[in-house]
Amino acid sequence: MRSFEHPVYLIVPCPFYHPKKRPLLTYALRRLLYLPLSLFLLSLLCFGLRAITPGDPVESQLPAADSRMATTDPAAYDASYRRAAAALGYDLPTFYFSVENAALPDTLHRISQPAERRMLRALTLASGNWPAVEMYYFELRKAAYSESSEDNLNVVPITRRLLLQNDPAAMTAAMNTLPDGPLTAPLKAAYSRVMDGKQRSQLLLPALRWHGSNNQYHRWLGKILKGDFGNSYLDRRPVAAKVGRAMRWTLLLNGITIFLVYLIALPMGLYAAGYRSSRFDRYSTTLLFLMFGLPSFWIATLVANYFTTPAFGMDFFPSMGFGDIPDGASWWSVLSIRASHLFLPVVCLAYPSLAYVSRHLRRSAVKELDQAYVTTARLKGLTMSQILWRHVFRNASFPIITLLGGLFPALLAGSVLIERIFNLPGMGQLLYTAAMGRDWPIVIMLVLLNGLLTAAGLLLADLAYAFTDPRVRLGGSSTTTSSNTVA
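So, here is what we can say about the structure in this document. (Residues numbered from 1 in each chain as written. Predicted model: local features only at pLDDT ≥ 70, side-chain atom pairs only at ≥ 80, totals over all residues. Heavy atoms only, no water.)

1. Details of the overall build of the protein chain
Test applied: The way it works is that DSSP assigns letters per residue, a run of H or I at least four long becomes a helix, a run of E at least two long becomes a strand, and they are numbered from the N terminus. Type-normalised accessible area, obtained with a 1.4 Å probe on protein chains alone, sets the label of each residue: buried when under 20%, exposed when over 50%, and partly exposed for intermediate values. In what follows, residue pairs with any heavy atoms lying within 4.5 Å of each other are defined as contacts.
Tallying secondary structure elements over the protein chain gives 21 helices and two strands in all. Across the 487 residues of the protein chain, 38% fall into the buried class. The long-range fraction of contacts in the protein chain, counting pairs at least 24 apart against all pairs at least 6 apart in sequence, stands at 70%.

Okay, structure coming up:
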């Protein structure tokens, strides 16, 4: 009788391959490849906000002495304005390419004054004759910035108003009020050629123009990558320095808050799920819903009024700020001063998040406790604490990971209301001050920073899903393995 033996296979593990890690690595690399596109779109959004924000960024950067020349010496102010616009790059095209009406020239961006640029654009779109408009603009500036004399005292104010006027009907009415003279004759003749020599056919055609890398967006993005975010409109200090100073206080405040929230909420949520319908579960549920329903800014206003002022006899805590540290203070003095100032803001920031995180974890853990693997763990003799922390917590932590994905922007965004109430010089306070003072470079940098941190947090959250639950399939690939049986 012939016998058959099963073949013996020698399996040698490859150090560069792991059936569970490879899909995760592939997914991480693919997400990292998508990240530059997301950051590019985010930069376009911030640059667009920079372009449409009200105010004149060139004028805000002029020295105070030059700004005062706008009324005393307009010609000198105009020259100073042009130099500042060239230095800041505002005389460059906006983007790499543009799609405009064919009647408009490709050099209109060189007109540094926004009002004059709008006037030329409106007049060109009304006539379609850019060469005539260009000649009119040359004569208009010559009349507007000529030296004052008895003959042109009435000419200069009208022509300077014409530089800011972009309504063709109003321009025609103003031209008719100009007196006749050697200074106004060429101007009136140039304006007549603009109105009489209209070329409507040019207005029907679009034009695609390529400007190359010498444009405002390319220059702005290059400065951002080098860490140059410009200067503040309010005090003309570097934006990066102001944000960096506020960032450390927000990191301290929100870092302590988030640490305490998860330190308390995770055991509370798991314990409430493991012993659901118990007295602790009922009382904690009622308390947490009450905490979540109370607005934090209202509670912050109450405690700031009652517990920081001597009027009610309960001034247990310092009133405002992070506290002043005297020179040569010991570490215990520093800790006590900081803790006394941070206690109330941390409590007001923590209690809504405490309720939110613990209830999410409880709901997810209750679903996991009904699974078959929990029954198997109980049959093995594991205690409830072991079941909750070794098995249930890992599978029930998906909502926690989702919340963790938003921690990065929350760490730096700060709380505008809490920081305003307790007068804390953090990112929330800085954002409020910048928005109220129309300090748009600060606002745009905070928006950009918040978007970067949001993208990073979402990427880390997606990767944490795979580490937490092996059933997750990343990128459509399965992490399960199969084996062949030889009979």
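2. Regarding empty space enclosed by the protein
Stated precisely, the cut-off is as follows: Put simply, the grid is 1 Å and covers the protein atoms alone, a cavity is a trapped set of points that fit a 1.4 Å probe, a pocket is an open set with protein on both sides within 12 Å along at least five of seven lines, and lining residues have an atom within 4 Å of a point. Grid points are joined across faces, edges and corners, and a volume is the space filled by probe spheres set on the points. Side-chain classes follow a simple rule in which Ala, Val, Leu, Ile, Met, Phe, Trp, Tyr, Cys and Pro form the nonpolar group, Asp, Glu, Lys and Arg form the charged group, and the remainder, Gly included, forms the polar group.
In this structure the tally under the stated criterion is one cavity of 30 Å³ or more. Put simply, the largest cavity is a space of about 60 Å³. Contributing to the lining of the largest cavity are T308, F317, P318, S319, M320, G321, S340, H341, L344, P345 and F422. Each residue belonging to the lining of the largest cavity can be placed in one class, and the counts come to six nonpolar, five polar and no charged.

3. Comments concerning unusual backbone geometry
Notably, R236 is not glycine yet its phi reads approximately 60 degrees, a positive angle. Its place among the elements puts R236 in the loop between helix 10 (216–225) and helix 11 (239–274). Residue classification places R236 among the partly exposed positions, given a relative accessible area of 37%. With a phi close to 70 degrees, S277 is a non-glycine residue in the positive phi region. Relative to the assigned elements, S277 resides in the loop between helix 11 and helix 12 (279–293). Taking the relative accessible area as the measure of exposure, S277 reaches 57% and is therefore exposed.

4. Concerning the packing of aromatic side chains
Using the following cut-off: Within 6.5 Å between ring centres, the rings of Phe, Tyr and Trp (the latter by its six-membered ring) count as paired, and their orientation is classed by plane angle as stacked under 30 degrees, edge-to-face over 60, tilted in between.
Summed over the entire model, instances satisfying the criterion amount to 18 aromatic pairs. With 5.0 Å between their ring centres and 75 degrees between their planes, F95 and Y96 make a pair best called edge-to-face. What links up through ring pairs into an aromatic cluster is the set F40, F47, F95, Y96, F97, W210, Y217 and W220.

5. What to know about the environment of R160
By the element assignment, R160 lies in helix 7 (residues 155–164). Sequence separation between R160 and P74 is 86 residues; the distance between their C-alpha atoms is 9.5 Å. Other than its neighbours up to four places away in sequence, R160 contacts P74 and A144.

6. Thoughts on the pairing of strand 2 (residues 206–210)
For clarity, the threshold we go by: Strand pairing follows a simple DSSP-based rule, namely that at least 2 bridges must link the two strands.
Where burial is concerned, the two faces of strand 2 differ: the one with A207 and R209 is buried and the one with P206, L208 and W210 is not. Examined bridge by bridge, strand 1 (residues 97–101) and strand 2 share five bridges and lie antiparallel to one another. Residue V99 lies in a different strand from strand 2, and its bridge partner there is L208.

7. Some points on the side chain of R209
We apply this condition: N or O atoms closer than or at 3.5 Å make up a polar contact, with two conditions inside protein: a donor-capable atom paired with an acceptor-capable one, and, for residues adjacent in sequence, both atoms drawn from side chains.
By secondary structure assignment, the location of R209 is in strand 2. Side chain to side chain, R209 and E100 meet in a polar contact 3.0 Å long. Among residues more than four places away in sequence, those in contact with R209 are Y96, F97, S98, E100, N101, A102, L104, P105 and D106.

8. Let's talk about helix 7
Here is the rule: Each C-beta atom gives one direction from the helix axis, and the arc is the one those directions make.
Buried residues of helix 7: V155, V156, I158, T159, L162 and L163, and no others. Projection of helix 7 onto a plane perpendicular to its axis shows the buried side chains occupying an angular sector of 165 degrees, all on one side. Facing away from the buried side of helix 7, by more than 90 degrees, are the exposed residues R161 and L164. Looking at the buried residues of helix 7, the elements they touch are helix 5 (114–127), helix 6 (130–144), helix 8 (168–176) and helix 9 (185–196).

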